[in-house]
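Summary of the model geometry
What follows is each chain in one-letter form.
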Amino acid sequence: MTRTTQILLTLTAIQLGIIPLFSDINASHLFHDGWPPHARFHTAWAITVGAGLALYVLLLVWAPAEDRAQRLRYASAPGCIFLGAFFIAFFFMDDFGGGLTDVDDPIKFFGFDGNVFAFSIAAIVQAMATLLAWRARDA
């Protein structure tokens, strides 16, 4: 069960922190012509926070540990916080005029917004990993 938890936490770390390094550092996000400099700053900040948290999770998950179960519990928290923040922003985006994608280039998967689709899958994987981490007695 420990290996499964490690793999699930690794998958969410990649989804939340590594993939955005490739998918958000481009003209549709960080270098978007229509975004004011302050929005670009926040985008760069968000990308680097996500990457840093992903590296932290990967370290907790894969570095040698005396108490692996406790380490996996700690590793489950950043993904829960990151995904929780995404869904809070999603549910309140109409209040601050936010949008999930660039209006000129929306991404869809199976008829759903690409971000909601990807982060919903990540949330399911994260929930499974978190449940397994907190159920583990020792590893």
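Residues numbered from 1 in each chain as written. Predicted model: local features only at pLDDT ≥ 70, side-chain atom pairs only at ≥ 80, totals over all residues. Heavy atoms only, no water.

The subject of this paragraph is the overall build of the protein chain. Regarding its fold elements, the protein chain presents four helices and two strands. Projected onto the principal axes, the alpha-carbon positions of the protein chain cover approximately 50 × 30 × 25 Å. The burial tally for the protein chain puts 33% of its 139 residues in the buried class. For the protein chain, the proportion of contacts with a sequence separation of at least 24, taken over those separated by at least 6, is 63%. For the protein chain, the exposed area adds up to about 8,700 Å²; of that, 69% sits on carbon and sulfur atoms. (Helix = DSSP H or I, 4+ residues; strand = E, 2+ residues; numbered from the N terminus. Buried < 20%, exposed > 50% of the residue type's maximum accessible area, 1.4 Å probe, protein only. Contact = heavy atoms within 4.5 Å. Areas by Shrake-Rupley, 256 points an atom, 1.4 Å probe, with all protein chains shown as cover.)

Looking now at the side chain of D24. Along the polypeptide, D24 turns up in the loop between α1 (2-23) and α2 (37-62). Buried within the structure, D24 lacks any salt-bridge partner; its nearest side chain of opposite charge belongs to R40, at an N-O separation of 14 Å. Polar side-chain contacts of D24 include one of 3.3 Å to the side chain of S23. In contact with D24, other than residues within four places in its own chain, are H29, L30 and I47. (Lys, Arg positive; Asp, Glu negative; His and termini not counted. Salt bridge = Lys/Arg side-chain N within 4 Å of Asp/Glu carboxyl O. Polar contact = N/O pair within 3.5 Å; in protein donor to acceptor, adjacent residues only side chain to side chain.)

Here we come to the packing of aromatic side chains. Applying the stated criterion to the full structure yields seven aromatic pairs. Residues F110 and F117 carry aromatic rings whose centres are separated by 5.4 Å and whose planes lie at 50° to one another, so their mutual orientation is tilted. Accessibility expressed as a relative area gives 71% for F110, which makes it exposed. The aromatic ring of W134 is capped on one face by R73, whose charged end is 5.5 Å from the ring centroid. (Phe/Tyr/Trp six-rings, centres within 6.5 Å; stacked < 30°, edge-to-face > 60°. Lys NZ or Arg CZ within 6 Å of the ring centre and 35° of its normal.)

This brings us to the nonpolar core. Ranked by internal contacts, the top residues of the largest apolar core, which has 13 residues, are L8, L9, V57, V61, L72 and A75. Going through the elements one at a time, α1, α2, α3 (68-96) and α4 (114-135) are the ones with two or more residues in this core. The residues contacting V61, other than those within four sequence positions of it, are Q6, L9, T10, R68, L72 and A75. (Core = buried A, V, L, I, M, F, W, Y, C linked by side-chain atoms within 4.5 Å.)

This part covers the side chain of R68. Locating R68 in the fold gives a position in helix α3. Engagement of the side chain of R68 in a polar contact is seen with the backbone oxygen of L60, the distance being 3.4 Å. From its side chain, R68 meets the backbone oxygen of A63 in a polar contact 2.8 Å long.

This brings us to the packing of α3 against α4. Between α3 and α4, the least distance of the axes is 9 Å, while the angle of their chain directions is 150°. Here α4 runs roughly antiparallel to α3, going by the angle between their axes. For α3 against α4, the interelement crossing comes out left-handed. Of the residues in α4, those in contact with A69, L72, R73, S76, G79, C80, F82, L83, F86, F87 and F90 of α3 are N115, V116, F119, S120, A122, A123, Q126, T130, A133 and W134. Broken down by class, the residue content of the contact of α3 with α4 amounts to 14 nonpolar, six polar and one charged. (Axes fitted to C-alpha atoms, helices over the stretch in contact; angles between N-to-C directions. Parallel < 35°, antiparallel > 145°, perpendicular 65-115°, else oblique. Left-handed = near helix turned anticlockwise from the far one by under 90°. Nonpolar A, V, L, I, M, F, W, Y, C, P; charged D, E, K, R; others polar.)

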